[in-house]
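# Coordinate inspection notes
Below are the chains, spelled out letter by letter.
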Amino acid sequence: MGHDHGHDTPGQRHRGRLAAALAITCVVLVVEVVGAAVTGSLALLSDAGHMLTDAAGLTIALAATWLAARPADHRWTFGWQRAEVLAALVNGVLLTVVAVLVLVEGVQRWQQPPEVQAPGMLAIGVLGLLANLVALLLLRGGQRESINVRGAYLEVLGDLIGSIAVIAAAVVIVTTGWERADAVASIAIALLILPRAVSLLRTVAKVLLEGTPEDLTLADVRKHLEGVDGVVDVHDLHAWTITSGVPVLTAHVVVDDRVLTPDAFCHVLDAMQGCLRGHFDVEHSTFQIEPSTHDDHDEVATHA
């Protein structure tokens, strides 16, 4: 098995960016709540509600990176790295709930549109747009590496879209007096958030159900391992993800009998681990070595 497991997860490396995004979100949240109360805008209130879930989601994401940094022990052999995935799950659920609530309220506002103070709504929408843009840029790089940061990124992206919708609705109301634009903006925010929430939940589910990582093909892994001198066959091959950037792989490896000397055995083992690290960025690997003369190979999983 690989020996050096003391590296940070991608989510831990972006902890400072998460903290900065959280601070920005909290400031805008307060401004939007006050603004919604003053202007009577549902679009602004719905965006503030989404900001509230963002603040909660970013807090959870930040806490998860702290938990994931805790060292492994005899009870938690991979440490708390899976906490980042659970944080992404919570973010996905929060996004979904907010989207549904905003959609329902938007439909009700369409039927009975209230009076909205569009100028104030417009000013606060522009402020929210600028703040969300800064937070989005902070998280953009990390969301490609970490499912936890991706959950936070999607939260902020939803806010950015919400701010654009608020601005558009305010402009329409100011120029035409059409009050239903506020409800339309709210519904648009919900419909844009929902697919992203579902996508995040789907990704989280694949990790929790221990599906094969997206960027890893078992057929390619088998081909590379069987190319190592002395390896006869690879079967019962499994790969899954502990958290983003931490794939794990196990396999039964049939070797030629000449490999069963201490020096040759270590050479083959080092070559296989080096192959996984170099070609597939897999640091955690476990191999069960079997001599070719061993009759009871697990043929059921040969083509897994």
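### Observations regarding the confidence of the model for the protein chain
- Per-residue pLDDT for the protein chain has a mean of 81; in total, 91% of the residues score no lower than 70.
- Across residues 1-6, where pLDDT falls below 50, the model places 10 contacts with residues more than four positions away in sequence or in other chains.
- Below pLDDT 50 for its whole length, residues 299-304 participates in 10 contacts with residues either more than four positions away or in separate chains.

### Structural notes on unusual backbone geometry
- Non-glycine residue Asp236 carries a positive phi angle of around 50 degrees.
- One non-glycine residue with positive phi stands out, namely Asp281, at about 55 degrees.
- Here Asp281 is to be found in the loop between helix H9 (262-280) and strand E3 (284-291).
- Asp281 gets classed as exposed once you look at its relative accessible area, which sits at 52%.

### Quick look at the packing of aromatic side chains
- Scanning all chains against the criterion turns up two aromatic pairs.
- Ring geometry for Trp76 and Trp80: centres 5.0 Å apart, planes at 35 degrees, overall tilted.
- The exposure class of Trp80 is partly exposed, given its relative accessible area of 29%.
- The positively charged end of Arg180 is found above the aromatic ring belonging to Trp110, 5.1 Å away from the centroid.

### What to know about the layout of surface pockets
- In this structure, the largest pocket occupies an estimated 740 Å³ of space.
- Put simply, the parts of the chain that give the lining of the largest pocket at least two residues each are helix H1 (10-13), helix H6 (147-176), helix H7 (181-208), strand E1 (231-243) and strand E2 (246-255).
- It is H7 that provides the largest number of residues to the lining of the largest pocket, a total of five residues.

### Remarks on the environment of Ala152
- Locating Ala152 in the fold gives a position in helix H6.
- C-alpha of Ala152 to C-alpha of Leu249: the two residues are 97 residues apart in sequence and 28 Å apart in space.
- Apart from the residues within four sequence positions on either side, Ala152 is in contact with Leu18, Leu58, Ala61, Asn91 and Leu139.

### Here we look at the side chain of Glu290
- Note that Glu290 resides in strand E3.
- Among buried charged residues, Glu290 stands out as having no salt bridge; its nearest opposite-charge side chain is Arg222, 12 Å away.
- In terms of polar contacts, Glu290 uses its side chain to reach the side chain of His252, at 3.1 Å.

### With respect to the pairing of E1
- Counted residue by residue, E1 has 11 buried out of 13 residues, so it is predominantly covered.
- Relative to E2, E1 runs antiparallel, the two sharing nine bridges. Looking across to E2, one finds that Val234 is bridged to Val253.
- Two successive antiparallel strands, E1 and E2, enclose a turn made up of two residues, where Gly245 displays a positive phi of approximately 80 degrees.

Conventions and cut-offs
- Residues numbered from 1 in each chain as written.
- Predicted model: local features only at pLDDT ≥ 70, side-chain atom pairs only at ≥ 80, totals over all residues.
- Heavy atoms only, no water.
- pLDDT = per-residue confidence, 0-100.
- Contact = heavy atoms within 4.5 Å.
- Helix = DSSP H or I, 4+ residues; strand = E, 2+ residues; numbered from the N terminus.
- Buried < 20%, exposed > 50% of the residue type's maximum accessible area, 1.4 Å probe, protein only.
- Phe/Tyr/Trp six-rings, centres within 6.5 Å; stacked < 30°, edge-to-face > 60°.
- Lys NZ or Arg CZ within 6 Å of the ring centre and 35° of its normal.
- 1 Å grid on protein atoms, 1.4 Å probe; cavity = no way out; pocket = protein on both sides within 12 Å on 5 of 7 lines; lining within 4 Å.
- Points joined across faces, edges and corners; volume = space filled by probe spheres on them.
- Lys, Arg positive; Asp, Glu negative; His and termini not counted.
- Salt bridge = Lys/Arg side-chain N within 4 Å of Asp/Glu carboxyl O.
- Polar contact = N/O pair within 3.5 Å; in protein donor to acceptor, adjacent residues only side chain to side chain.
- Pairing = 2+ DSSP bridges.

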